[in-house]
Amino acid sequence: SRPRGAGGGPALLPSMLMFGVILASSGLLLMIEKGILAEVKPLRPAGGLLSRRGGGAEEAAGELDYEVLRDIRNRTIRAVCGQRAMPRSVWELPAGQRRTVLRHLLVSDKYRFLYCYVPKVACSNWKRILKVLDGVLESVDVKLKMDHRSDLVFLADMKPEEISYRLKNYYKFIFVRNPVERLLSAYRNKFGEIKEYQQKYGVEIIRRYRKNGGNSAGDDVTFSEFLRYLLDEDVERMNEHWMPIYNLCQPCAVRYDFIGSYERLNADADYVLERVQSPSFIRFPERQSWYKPVTAEMLHYYLCNTQRRLIKELLMKYILDFSLFAYPLPNITSEFCRQ
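Quick summary incoming for the structure in this document. (Residues numbered from 1 in each chain as written. Predicted model: local features only at pLDDT ≥ 70, side-chain atom pairs only at ≥ 80, totals over all residues. Heavy atoms only, no water.)

This part covers the sheet that holds strand S1 (residues 105-108). Pairing within the open sheet is mixed, and its four strands lie in the order S1-S2-S3-S4. In this open sheet, the two strands that pair with only one neighbour each are S1 and strand S4 (258-261). The average undirected angle you get between the axes of adjacent strands in this sheet is 25°. Bridging between S1 and strand S2 (residues 113-116) involves four bridges; their strand directions are antiparallel. Residue pairing across strands places Val107 opposite Leu114, the latter belonging to S2. Docked against the sheet, helix H4 (residues 95-104) engages S1 and S2, running at close to 40° with respect to S1. (Pairing = 2+ DSSP bridges. Helix = DSSP H or I, 4+ residues; strand = E, 2+ residues; numbered from the N terminus. Axes fitted to C-alpha atoms, helices over the stretch in contact; angles between N-to-C directions. Contact = heavy atoms within 4.5 Å.)

Moving on, we get to the state of the cysteines. What the rule picks out here adds up to three disulfides. The residue that forms a disulfide with Cys116 is Cys249, at a sulfur-sulfur distance of 2.0 Å. What sets the handedness of the Cys116 and Cys249 disulfide is the S-S torsion sign, and at about -95° it is left-handed. One end of the pair, Cys116, is in strand S2; the other, Cys249, is in helix H10 (residues 245-249), with 133 residues separating them in the sequence. (Disulfide = S-S within 2.5 Å.)

Going through the model one piece at a time under the given rule, you end up with 26 aromatic pairs. Between Tyr187 and Phe191, the ring centres sit 6.1 Å apart and the planes meet at 45°, which makes this aromatic pair tilted. One end of the pair is Tyr187 and the other is Phe191, both in helix H7 (residues 179-192) and four residues apart, which spans about a single turn. Judged on exposure class, the residue Tyr187 and its partner Phe191 are both buried. Pairing Tyr197 with Trp242 gives two aromatic rings, centres 6.2 Å apart and planes at 80°, and the pair type is edge-to-face. Here Tyr197, found in helix H8 (residues 195-209), pairs with Trp242, found in the loop between helix H9 (223-232) and H10; they are 45 residues apart in sequence, far enough to count as distant. No difference in accessibility class separates Tyr197 from Trp242, as the two residues are buried. Each residue in the set Tyr187, Phe191, Tyr197, Tyr201, Phe223, Phe226, Tyr229, Trp242, Tyr301 and Tyr302 is aromatic and connected to the rest through ring pairs, giving one cluster. Against the face of Tyr117 rests Lys127, its NZ or CZ located 3.9 Å from the ring centre. (Phe/Tyr/Trp six-rings, centres within 6.5 Å; stacked < 30°, edge-to-face > 60°. Buried < 20%, exposed > 50% of the residue type's maximum accessible area, 1.4 Å probe, protein only. Lys NZ or Arg CZ within 6 Å of the ring centre and 35° of its normal.)

The topology assignment puts Ser261 in strand S4. Sequence separation of Ser261 and Asn178 is 83 residues, and the distance between their C-alpha atoms is 8.8 Å. Reaching out from Ser261, the side chain makes a polar contact with the side chain of Arg73 at a distance of 3.1 Å. (Polar contact = N/O pair within 3.5 Å; in protein donor to acceptor, adjacent residues only side chain to side chain.)

This part takes up a nonpolar patch on the surface. Residues Leu64, Val68 and Ile72 make up a contiguous nonpolar surface patch of roughly 290 Å² in combined accessible area. Within the secondary structure, Val68 is located in helix H3 (residues 63-81). The class of Val68 is partly exposed, set by a relative accessible area of 44%. (Patch = residues over 30% accessible without salt bridge, like charges linked within 9 Å, V, L, I, M, F, W, Y side chains within 5 Å. Areas by Shrake-Rupley, 256 points an atom, 1.4 Å probe, with all protein chains shown as cover. Salt bridge = Lys/Arg side-chain N within 4 Å of Asp/Glu carboxyl O.)

To continue, consider the nonpolar core. Within the largest apolar cluster, 97 residues are counted, with the highest numbers of intra-cluster contacts made by Leu105, Trp126, Phe226, Leu230 and Trp242. Among all residues touching Leu105, those that are not within four sequence positions of it are Leu114, Tyr115, Cys116, Val153, Phe154, Leu155, Leu167, Val254 and Tyr256. (Core = buried A, V, L, I, M, F, W, Y, C linked by side-chain atoms within 4.5 Å.)

Inspection of the entire model under this criterion finds twelve salt bridges. Across the pair Arg166 and Asp109 runs a salt bridge whose closest N-O atoms are separated by 2.9 Å. Taken together, the residues span a long stretch of sequence, with Arg166 in helix H6 (residues 160-169) and Asp109 in the loop between S1 and S2 at a distance of 57 residues. Lys172 is the partner of Asp257 in a salt bridge, and the nearest nitrogen-oxygen pair spans 3.9 Å. Of this pair, Asp257 sits in the loop between H10 and S4 while Lys172 sits in strand S3 (residues 171-176); the two residues are 85 residues apart in sequence, bridging distant segments of the chain. Its relative accessible area of 45% is what places Asp257 among the partly exposed residues.

Following this line, the structure appears as C-alpha cells:
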C-alpha cells in the first residue's frame, strides 16, 4: 500500500498487493510457464436449479463441478480479502477506485438489491430486467436498442449515508466470465462492429503499433495489436469493456452475496431472480438470434495465433480475475496449439 494520504484513508495498490499474495501462495508464474492451470477443467454449463420457465429440476450433471468451483471461489476471495492491508469497504478505496465501483453498482430499491454490471457479461440483459422491475419496460422482450444510462439508478448518484445503507442491507451480486473470452468478445464486438470504437480506439492503436498505419480507419485492428494496447494501458484508466472485473466491482470492498457465472447464465440468473423475489413472469432474456458467441474453437484460434509472450504478459494483468473467480489459465503450450 501507499502511505496514508492527507484524507486519512489508505491509498491502496490492490492489484500489485493481491498479485504478490497470490503469486507467493500458489506459484502461478510457474504454472503459467508449464501450462498447469490450463489442465483444470472449466465450468460446464449445467442446470440443477429449478427453472423459472417451468419443466421442473434440470438434469444435475455438472452440479458437483459447480459446487466445487463455488467453494474454491469463496475460499480464495475470503483468503485474499482477509489480508490486513486489503480494503474492508468502499470508503477505504482511493477516490478513483471508489468512483469506478459506485458507477457500476445498479440499484433496485423496490427489490432491495445491488448489481455490479460487467460489460461483456450479459449486462445489457440485466439492465433490461432492471427496467422491467421498475416498470419502465413492459417486457424483457421489447425490441429496442438498450440505453445504458437512462431509467437506471446508480449507487454513485446517492449520498454517502444512502450508499452505506444499501451496501449494508441490500442483496449484492455480480456475474463473471473467463477473462480471455471476455477480452476476445470485446475485441470482436468493438473493433469489428462499432464505428465509434474504431475511430476512438482503433485509429490510435494502429497509429501506435503499426508502421505506416496513419491512414487506417481503425476497423482493421489485429488481436495482437489490441493486446499490446492493453499491456501498455493503466488498468484503472481502461475502458470498462476490457477493465478487469476486480477493478470494476472491487469484491474485497463490496462483499457480494452471490457471484454468478456467464457459463451458467440462465441457471444462475434464475437463482438471483428467485432470491430477490421478482415477479414470476420475469425471466432472463434469451440470447438474440444475431449474436455470435465466442466458441472454444474461436478462442483456441486467436490465442494460438498470437505471440505467446503477449499472452503471458497479459495474464499477469488479469491474474486477479483468473484466481479470485477460479478460471483456468488458457493453455498456450506448443503441444496444445498443434492440435
